[in-house]
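# Fold and contact review
Now for the letters of each chain:
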Amino acid sequence: MAKRVKLDPINQQVDIETNDNLLSGLLAKDLNVWKECGGRGMCSTCHVFITEGMESLSPVNRREIRTMEVITTANKCSRLACQARVIGEGVVVEIPAGMYVSEIENIEDLIGSRAKENILHPINGSILVEKGKLVTRTMITQLKDTQIEVSEYMAKIQDA
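All of these numbers come straight from a predicted model, not from anything done at the bench. (Residues numbered from 1 in each chain as written. Predicted model: local features only at pLDDT ≥ 70, side-chain atom pairs only at ≥ 80, totals over all residues. Heavy atoms only, no water.)

### Considerations on the side chain of Thr146
Inspection of the secondary structure puts Thr146 in helix H3 (residues 137-159). Residue classification places Thr146 among the buried positions, given a relative accessible area of 7%. Dropping the residues within four chain positions of it, Thr146 is found in contact with Val101, His121, Pro122 and Leu128. (Helix = DSSP H or I, 4+ residues; strand = E, 2+ residues; numbered from the N terminus. Buried < 20%, exposed > 50% of the residue type's maximum accessible area, 1.4 Å probe, protein only. Contact = heavy atoms within 4.5 Å.)

Structural data, given as structure tokens:
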């Protein structure tokens, strides 16, 4: 039986089958949520905040705890949408604002522009470029280095 989950701050709702993860509902709504690690709980791209109904989700598992330890924006309300299974009613999910560096098709195009939203690191969720900041050539080099770092990390966990 489906459970209704509220999505903030967009004020939408989505029905998620009992025991399905939050990620399935977020993807069904075409939201800006990635699953860089393929939903294995090893990156931060599906990190969300649970503002209500934490008790209506499956308990946090060890993999999720380990991953959230490196997410710089994580707090006591944090969950990975790929790991949090819906078991009851009353869940309210807040999606963190930002864009992951892995979503940017051509980083070079950003030089000289202002970031339209925070640009986030896909592994730890840290803000690489703040919203409204001018993107410089130095930042582009750092973003490219981050893309390489992420690619290498993802290749390692795919082999594991």
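### Considerations on the state of the cysteines
Simply put, disulfide is the name for a covalent bond between the sulfur atoms of two cysteines. Counted under the stated rule, the structure contains zero disulfides. In this model Cys37 remains outside any disulfide bridge; the closest cysteine sulfur is found in Cys43, 3.8 Å from its own. For Cys37, a relative accessible area of 3% corresponds to the buried category. (Disulfide = S-S within 2.5 Å.)

### Some details on the pattern of salt bridges
In the structure shown here, the tally under the stated rule is four salt bridges. As a salt-bridge pair, Glu64 and Arg79 come within 2.7 Å of each other at their nearest N and O atoms. Remark: Arg79 occurs in strand E4 (residues 78-80) and Glu64 occurs in helix H2 (residues 62-68); sequence separation between them is 15 residues. Arg79 shares its class with Glu64; the two are buried. (Salt bridge = Lys/Arg side-chain N within 4 Å of Asp/Glu carboxyl O.)

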